[in-house]
Amino acid sequence: MNDQITQIRAVGQSHPRREAREKVTGRIEYIHNLRLPNMLYGKIFRSTVAHARIVSIDTSEAAACPGVDMVLTGEDIRKIMPDPHFGVMFHDQPVLALDKVRYVGEPVAIVLASDPNVAAEAVALIDVDYDELEPVFDEMEALSAETFVHDELKPGIPEIQFLKGVRDTNVGFPYQLRHGGDVDKAFEEADRVFEHTFRTHPSAHVPLEPPVTVAEPTGAGLTLHTANQSPSFVRYEISRLLGWPQHKIRVRVPYLGGGFGAKLWIRLEALVAAAALLAKRPVKVSLSMEEQFYTITKHGATLKIKSGLDKDGRITARKCEVFWNGGAYADIGPAVAFHAGMTAAGPYDIENVAIDSFSMYTNRPVAGAMRGFGHPQLIWAYENHTDMMAHELGIDPLEFRRRNILREGKEHATGTALNTSSVEKVLDRVAERLQWGKPFERGEGTVKRGRGFAIGIKASIAPSTSEAIVRLGADGSATLMCSSVDMGQGSDTAHAQIVAEVLNMPVEMVHVVHPDTDVTPYDTGTLGSRSLYHMGHAARLAAEDAKAKLEELAAEVGAQPGSNVPIWELFARKNGMPVGHVVGTASFIPDGHIPPDPMTGQSPHITPYWMLGATGAEVEIDTETGRVTVLRMINVADTGTQINPKIVDHQISGASIMQLGQTMQEKVHFDFGQVTNASFADYKIPSMLDIPQIETSVLDGAEADGPFGAKGVGETGSFCVSSAIANAVFDAVGVRVSEMPITGETVYRAMRAAAGEPLEEE
Amino acid sequence: MKDVMTQTIDFTLNGKAVSAEIQGHWTLVDLLQQGFDLYGARQSCGQGLCGCCTVVLNGKPVSGCLFLAALADGATIETIENNEETLDPVQEAFIEAGAFQCGFCTPGFVLMTRQLIAEIPEPSEEEIRLYLTGNLCRCGTYPQIIEAVQKAAARMRAA
Ligand code: FES
Ligand code: FES
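Source: prediction; values computed, not measured.

1. Focus: the interface of chain B and chain A
Quoted interface sizes are often the accessible area lost when the parts come together.
Inference 1: With 54 residues of chain B in contact, the opposing surface of chain A contributes 56 residues.
Inference 2: Summing the contributions of chain B and of chain A, the shared interface buries around 4,400 Å²; its carbon and sulfur component is 58%.
Inference 3: If you sort the residues of chain B by the area they bury against chain A, Gln 101, Arg 129 and Arg 138 of chain B come out on top, with a joint share of 20%.
Inference 4: The interface formed by chain B and chain A contains two salt bridges.
Inference 5: Close ionic contact of Asp 37 of chain B with Arg 35 of chain A constitutes a salt bridge, the shortest N to O distance being 3.2 Å.
Inference 6: Here chain B and chain A share 26 residue pairs in polar contact (both at pLDDT 80 or more) between them.

Here you go:
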């Protein structure tokens, strides 16, 4: 036996990020920095109306502007993309508006010039004549409106072809789930019934590096250098639009200056690709901070939730209706309606459940995926609702949850059992950290204090694919090639640790090649906290494959099994010099996924793993102004084994800070479809002064099927922040805020209304 | 359209005397990126509100996205690229504390932290928050940045 070789522990260590040095010296590569020789800059002309037919577009003055190379409209795009509509689910979004515009800010034309300032000047010279149509902005109005954002639905992927040809509706996608018996009958038999409606607002991702793409025509085809979370999809979609084979498109992604869902699927890629091919020169489009607000948002939603309870305070029936304001184009919105819809009833054990979740088209900017994928909105509803019921019943919120939570091994409303994650442990942990049973200092005079908590659940996206290649070199190093995008979450570091662990080498010896579709194999995308689990497995399996091939090489060149012949010598014996590689490959798709029944949403295996989180919050409220100060936030996350504990901690804390901003201060305001606060001057993200004391507490029991027991954590910290704070506000001053953000004004208005002295509406 | 106005300016960039031909509308970010291929000062908000474009000019931090390059004639400019070979205690502390995720805001925070520690060698948490409030981090690494500042300050006091 070969007991001389010591196992290097790479997994479980808090290695600093591998690119740390480049980040602190400002030398890291972002597409933001990329300039190519002979490159043109594109500036986008955007619609100023929310819903209209385009009568005419006059680009003559812009085109005549000295220094302008080209001005392109939707009709020009058709020359190179016969049907220039893109989308990950529906093929409904035009590269540039064609006959109609559907929201304020929609791209209508693009000016190309060598100097970005010239392009920007020329954009102002474009003139469009519109024939205005009635717009619809609100998701509930969209349900009954006579005006339709799209004349006909345009489903793209096979799973939704049943929607083909559907006309005269603003419902993009209807999801439904029916669990257990007759839910209406269960309500009739219930001892108490509670029904509440909640709303959430659209907010913005605003990564500090706004979306940016460079397209470069090459002899072989087209290279896209782009800040994108899903390079494999970009290649597929651009090839579909151009009618080219996929291999002619190369998509390259270095580091991202933040993503959070803003840089998924197609953002600028289709437009910049078309522009570069028409101009026959490299083209770069960098969005400004303002333009980010017109490009992608987080769904606002209306959430109705109704529960029936028996006399012991057990929830026996639940009905949820969720309406997602998806904006003018589907993007991934239908999947948000579907995927978040699945868990709309929460981590509770409820016999009879009915869920309907609709993605709605409206004349607003597109809503897409944002950290948490709809779950922070849902949890906002069901965890407010839970506390409201507990209060009405006179039961302590912790005790009320204990009576109703889903226990390990029990079936979730989707029909899939909760196996390795424990709602009970998450709940106990947050209660313990808040010292829930102990007396709490409630403030004095006009300053009141309160505390609250919330729990939430999310399924991982399924099914999805990750492929990886691990190349072992004669110098004893390993190279991992994969299409996961490191946008700050530390995937390069974590995946390198996994490879190092398998190959028993120092983590510094593992090199990670960034997504480059000429080299790195397919991956669904860096989204939904899926990479560590899926790519983690693919990297592990590819490393194991490489290891096996090295053993074959050893046998081939006559090394005894278990002998200590160094790697370089194995290669030297084979190749005459210490050069060469063995290559391991893997493709990972989690086993056993069973698609849910389309009518009932039931599946015995709907997700490879569950993600559970809880947040506890302590707040202080100035009752004279309503101002809420969050004093302390405790985020509990069920993380599986931590590959890199420090990065896990920072992911959870970072996600909670992002959600804190959206809870307390961030809201995209509209005036007749026009965003009125598209700037950091008016849209305030959290600064250092807005941050409470933040604690992270993890439950790191191994996830049974995860790579080394690990699973995703990027979103967990976002789940419960909003509802925990709302519950703490109620605890402090006895008022319930049903619509975010929880500003001083909303709280003060609610307090005055509760006191029977409501303030006048503005 | 009139021809773009150009002019030549002389200044000191990270310790070296340099000159550059600039256009009248150029900001410091344009100057550094287009004139010198330095990308550590980055434009994000473009309005002086996020600190991603921080540059130290004549010893004072300025927003490179707003400051006109023409006004830098004769000035001394320091950027994040001013110590390429060895990391300073601030950068080391940022790495140890894990005070960044995507890294886009990091140069601005590092430069401001250097200023902060030079002005207040032993900053309280409150002083750190106040001093750095003009720098935003969308990844939400503020708790780790506070830790990094404290670490760096302690180490620099001890040195
Ligand atoms: S880009 Fe200059 S302060 Fe934001
Ligand atoms: S580390 Fe991403 S913005 Fe600060």
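2. A word on the sheet that holds strand 7 (residues 107–113) of chain A
Residues and elements named next belong to chain A.
Inference 1: With mixed pairing, the seven strands of this open sheet are ordered in space as 3-7-1-14-11-12-13. The sheet is open, and its two edges are formed by strand 3 (68–73) and strand 13 (249–252), each paired on a single side. Adjacent strand axes in the sheet meet at a mean angle of 20°, parallel and antiparallel pairs treated alike.
Inference 2: Summarising the sheet, strand 12 (residues 222–226) and strand 13 pair through four bridges and their orientation is parallel. Considered in strand 13, the bridge of Leu 224 is made with Val 251.
Inference 3: Where helix 4 (residues 116–123) meets the sheet, it contacts strand 1 (40–46), strand 3 and strand 7, and its direction lies at approximately 20° from that of strand 1.
Inference 4: Lying on the sheet, helix 7 (residues 231–242) is in contact with strand 12 and strand 13; it crosses strand 13 at an angle near 150°.

3. Brief notes about the domain arrangement of chain B
All names here are of chain B.
Inference 1: On domain assignment, one finds that chain B holds domain 1 (6–83) and domain 2 (89–158).
Inference 2: A straight line from the C-alpha centre of domain 1 to that of domain 2 covers 22 Å.
Inference 3: Each side of the interface is counted separately: domain 1 has 17 residues, and domain 2 has 14 residues.
Inference 4: Here domain 1 packs against domain 2, burying approximately 1,200 Å² in sum over the two surfaces, 58% of which is carbon and sulfur.
Inference 5: Linking domain 1 with domain 2 are zero salt bridges.
Inference 6: Taken together, the residues of the side of domain 1 that touches domain 2 sort by class into six nonpolar, nine polar and two charged.

4. Quick notes on the nonpolar core
Soluble globular proteins: nonpolar side chains tend toward being buried together.
Inference 1: Counting 254 residues, the largest nonpolar core has Ile 238, Ile 725 and Ile 742 of chain A together with Phe 94 of chain B as its most contacted members.
Inference 2: Beyond its immediate stretch of four places on either side in the chain, Ile 725 of chain A contacts Ala 617, Val 619, Val 630, Leu 660, Thr 663, Met 664 and Ile 742 of chain A.
Inference 3: Membership of the second largest hydrophobic core comes to 21 residues, among which are Val 68, Val 101, Ala 113 and Ile 126 of chain A.

5. Brief notes about the domain arrangement of chain A
Residue and element names in this part refer to chain A.
Inference 1: The domain boundaries assigned to chain A delineate domain 1 (20–29 + 464–588), domain 2 (34–133 + 208–258 + 262–292) and domain 3 (297–461 + 597–754).
Inference 2: In this structure, domain 1 and domain 2 have C-alpha centres spaced 36 Å apart.
Inference 3: The interface is formed by 20 residues belonging to domain 1 together with 18 residues belonging to domain 2.
Inference 4: Counting each side, the surface lost to burial between domain 1 and domain 2 is near 1,700 Å², with a carbon and sulfur contribution of 55%.
Inference 5: Contact with domain 2 buries surface across domain 1, with Glu 29, Met 487 and Thr 517 losing the most and accounting together for 34% of the total.
Inference 6: Counting the contacts that link domain 1 with domain 2 gives three salt bridges.
Inference 7: Of the charged contacts in the structure, one is a salt bridge between Arg 250 and Asp 516, with a shortest N-O distance of 2.8 Å.
Inference 8: Linking domain 1 to domain 2 there are ten residue pairs in polar contact (both at pLDDT 80 or more).
Inference 9: The class makeup of the residues in the side of domain 1 that touches domain 2 is seven nonpolar, six polar and seven charged.

6. Focus: the pattern of salt bridges
Residues and elements named next belong to chain A.
Inference 1: All told, the structure shown has 46 salt bridges over all chains when counted by the stated rule.
Inference 2: Glu 189 is the partner of Lys 185 in a salt bridge, and the nearest nitrogen-oxygen pair spans 3.7 Å. Here the residue Lys 185 and the residue Glu 189 both occupy positions in helix 6 (residues 183–189), the gap between them amounting to four residues, near one helical turn.
Inference 3: Lys 185 gets classed as partly exposed once you look at its relative accessible area, which sits at 47%.

7. Focus on the side chain of Thr 416 of chain A
Residues and elements named next belong to chain A.
Inference 1: With respect to the helices and strands, Thr 416 occurs in the loop between helix 12 (397–404) and helix 13 (423–434).
Inference 2: Of the residues examined, Thr 416 reaches a relative accessible area of 5% and is grouped as buried.
Inference 3: From its side chain, Thr 416 meets the backbone nitrogen of Ile 606 in a polar contact 3.0 Å long.
Inference 4: For Thr 416, the residues in contact, after removing those within four places along its chain, are Lys 410, Glu 411, Ser 603, Pro 604, His 605, Ile 606 and Trp 610.

8. Things to note about a negative patch on the surface
Residues and elements named next belong to chain A.
Inference 1: Side chains of Asp 58, Glu 61, Asp 127, Asp 129, Asp 131 and Glu 132 sit close together on the surface and give a patch of like negative charge.
Inference 2: Broken down by element, the residue count for the negative patch peaks at four residues, all from strand 8 (residues 127–132).
Inference 3: Within the secondary structure, Glu 132 is located in strand 8.
Inference 4: According to the relative accessible area criterion, Glu 132 is exposed, its value standing at 53%.

9. Some details on helix 11 (residues 375–393) of chain A
Inference 1: Between its first and last C-alpha atoms helix 11 of chain A spans 26 Å; for 19 residues at 1.5 Å apiece the expected length is 27 Å, and the two agree.
Inference 2: Where burial is concerned, most of helix 11 of chain A is hidden: 16 out of the 19 residues are buried.

Cut-offs used in this document
- Residues numbered from 1 in each chain as written.
- Chains lettered and ligands numbered in written order.
- Predicted model: local features only at pLDDT ≥ 70, side-chain atom pairs only at ≥ 80, totals over all residues.
- Heavy atoms only, no water.
- Contact = heavy atoms within 4.5 Å.
- Buried area = accessible area lost by both parts, 1.4 Å probe.
- Salt bridge = Lys/Arg side-chain N within 4 Å of Asp/Glu carboxyl O.
- Polar contact = N/O pair within 3.5 Å; in protein donor to acceptor, adjacent residues only side chain to side chain.
- Pairing = 2+ DSSP bridges.
- Helix = DSSP H or I, 4+ residues; strand = E, 2+ residues; numbered from the N terminus.
- Axes fitted to C-alpha atoms, helices over the stretch in contact; angles between N-to-C directions.
- Domains from an automatic or database assignment.
- Nonpolar A, V, L, I, M, F, W, Y, C, P; charged D, E, K, R; others polar.
- Core = buried A, V, L, I, M, F, W, Y, C linked by side-chain atoms within 4.5 Å.
- Buried < 20%, exposed > 50% of the residue type's maximum accessible area, 1.4 Å probe, protein only.
- Patch = residues over 30% accessible without salt bridge, like charges linked within 9 Å, V, L, I, M, F, W, Y side chains within 5 Å.
- Areas by Shrake-Rupley, 256 points an atom, 1.4 Å probe, with all protein chains shown as cover.
- Lys, Arg positive; Asp, Glu negative; His and termini not counted.
- Charge placed at Lys NZ, Arg CZ, Asp CG, Glu CD.
- Expected span 1.5 Å × (residues − 1).

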